[in-house]
Amino acid sequence: MGMLTMSAKERRRLEVLGLVRAGKISLVKAADLLQLSYRQIKRSWARFQEQGDAGLVHGLRGKPSNRGSDERREPALQLYQEKYPDYGPTLAAECLAKEDGLFVPASTLRTWATRSGLWRRQRKRKQHRRRRPRREHFGELVQLDGSHHDWFEGRRAPAVLMVMIDDATGRVFAQFFENESWDSSARIMRRYAQLRGLPQGLYVDRHGIYRADRDPTNAEILAKKDPETQFGRAMRELGVELILARSPQAKGRVERVNRTLQDRLVKELTRRGISDLATANAYLEQTYLASFD
């Protein structure tokens, strides 16, 4: 008969169940001593009666582990290192499946990449502010923000991505423009209205496009109206309430979307070799945003 190797926990279980077999304690008492449920102790007792000491040893003891034996590991890590070295594991897993036909769960890829030194876990920042509750219905409130970034990684001049996100559903719409201006704000608002309808409210920052930085005219004073910009006047005439954020944190949802796009969209444009605004906008509207929502 071969030697039976047992862990300390298994030896303790053997000792307690030996007391049950000797009639010195009940199964209920055994469950309490081992900190097991009654169902668990009944299963252990049944195996012990049927198989003896061996019934208490873990079923995989002595068998080779499945960890590290996955045949996908090496090709996945090689592709990660060659094609996606600056990608997070979640995005890399998506690209491996879509671009390379290699399906690996993001959690598995994260473990492999971390152990291989290809990825370092990122600490989550503490949340200092309580998030504002979302609106209940689509179209009640939309956040609008211009994201300035090297979207094309030097393949063309810098551009701004105007991003709109519905507060209730998180649905995103975006377009590239040369700069953030009255014209770009008006054009994306027009396109959004054509596709999804006018929102009841529009949440923006205190950029000069949206906030009039001047003294009120006599007519405005008599009418008890605040000074407004050209964009503000257009929203008023359309019946859209223009809400000015009092801090960057107040636009948290659109700011978080911006950070995600600055990571994922940049890499997507690079992979597809897109370097001009017209092609980028067509790709956004026809393909990318549908999968991003």
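All chains use their own residue numbering, which begins from 1 and follows the written sequence. Residue-level local features of this predicted model are given only where pLDDT is at least 70; pairs of side-chain atoms are given and counted only at 80 or more, and the full residue set underlies all totals for whole chains, interfaces and linings. The basis for every side-chain value is the complete set of heavy atoms in the structure, and neither hydrogens nor water enter the calculation.

Novice: What am I meant to see in the layout of surface pockets here?
Specialist: In this approach, a probe sized like a water molecule rolls over the atoms, and the result shows the empty space that is left. Definitions used throughout: a 1 Å grid over protein atoms alone; a cavity as a set of points that fits a 1.4 Å probe which cannot get out; a pocket as an open set with protein on both sides within 12 Å along at least five of seven lines; a lining residue as one with an atom within 4 Å of a point. Grid points are joined across faces, edges and corners, and a volume is the space filled by probe spheres set on the points. Taken as a whole, the second largest pocket spans an internal volume of roughly 230 Å³. Lining of the second largest pocket is provided by Tyr 210, Arg 211, Ala 212, Lys 225, Asp 226, Pro 227, Glu 228, Thr 229, Gly 232, Arg 236, Leu 242 and Leu 244. Looking at the lining of the second largest pocket, the elements that each hand over two or more residues are helix 9 (230-238) and strand 5 (241-244). Ten residue types, Ala, Val, Leu, Ile, Met, Phe, Trp, Tyr, Cys and Pro, are classed as nonpolar, four, Asp, Glu, Lys and Arg, as charged, and the remainder, Gly among them, as polar. Looking at side-chain class alone, the lining of the second largest pocket contains five nonpolar, two polar and five charged residues. By definition, any uninterrupted DSSP run of H or I lasting at least four residues is a helix, any uninterrupted run of E lasting at least two residues is a strand, and each is numbered from the N terminus.

Novice: When you look at the packing of helix 5 (residues 89-100) against helix 6 (residues 106-115) in this model, what are you seeing that I'm missing?
Specialist: Helix 6 packs onto helix 5 with a crossing angle of 115° between their chain directions and a minimal axis gap of 8 Å. Crossing handedness for the pair helix 5 and helix 6: right-handed. Where helix 5 approaches helix 6, its residues Pro 89, Thr 90, Ala 92, Ala 93 and Leu 96 are matched on the opposing element by Ala 106, Leu 109 and Arg 110. Among the residues forming the contact of helix 5 with helix 6, the class breakdown is six nonpolar, one polar and one charged. To define axes, lines are fitted to C-alpha atoms, for helices over the stretch in contact only, and angles between the resulting N-to-C directions are given on a 0 to 180 degree scale. Left-handed describes a crossing in which the near helix is turned anticlockwise from the far one by less than a right angle; the clockwise case is right-handed. Contacts are residue-level and defined by heavy atoms, with any inter-residue pair within 4.5 Å sufficient.

Novice: Help me understand helix 4 (residues 73-83), please; the structure alone is not making it clear to me.
Specialist: A turn of α-helix holds 3.6 residues, and therefore any two residues three or four places apart point the same way. Taken residue by residue, helix 4 has Arg 73, Ala 76, Leu 77 and Tyr 80 as its buried positions. Looking straight down helix 4, one finds that the buried residues subtend no more than 95° of arc, so they occupy a single side. Exposed positions of helix 4 whose direction lies more than 90 degrees from the buried face are Glu 74 and Glu 82. Here's how the labels work: a residue is buried when its accessible area is under 20% of the maximum for its type, exposed when over 50%, partly exposed in between, all with a 1.4 Å probe on protein chains only. The arc refers to the directions leading from the helix axis to the C-beta atoms.

Novice: Sorry if this is basic, but what is going on with the sheet that holds strand 5 here?
Specialist: Two strands qualify as a pair provided that DSSP identifies no fewer than 2 bridges between them. Judged by pairing direction, the sheet is mixed, and its five strands sit side by side in the order 3-2-1-4-5 without closing on themselves. In this open sheet, the two strands that pair with only one neighbour each are strand 3 (172-177) and strand 5. Going across the sheet, the axis of each strand differs from the next one's by a mean of 25°, ignoring polarity. The pairing of strand 1 (residues 141-149) with strand 2 (residues 159-166) spans eight bridges and is antiparallel. Pairing of Leu 144 across the sheet is with Met 164, part of strand 2. Across the face of the sheet, helix 7 (residues 182-196) comes into contact with strand 1, strand 2, strand 3 and strand 4 (201-204) while running at roughly 145° to strand 3.

Novice: Looking at this structure, how should I read the nonpolar core?
Specialist: If you look at soluble globular proteins, the nonpolar side chains tend to sit buried side by side. The definition of a nonpolar core used throughout is a set of buried Ala, Val, Leu, Ile, Met, Phe, Trp, Tyr and Cys residues joined through side-chain atoms within 4.5 Å. One finds Phe 152, Leu 161, Phe 176, Leu 202 and Leu 265 to be the most contacted residues of the largest nonpolar core, which totals 40 residues. Of all the secondary structure elements, the ones that give two or more residues to this core are strand 1, strand 2, strand 3, helix 7, strand 4, helix 9, helix 10 (252-272) and helix 11 (277-292). A per-element tally of this core places strand 2 first, with seven residues. Once you skip the residues sitting within four places of it in the chain, Leu 202 turns out to touch Leu 141, Val 142, Leu 144, Met 164, Met 189, Phe 231, Met 235, Val 240, Glu 241, Leu 242 and Ile 243. The next biggest cluster of nonpolar side chains, apart from the first, holds 15 residues, and it includes Tyr 80, Ala 92, Cys 95 and Leu 109.

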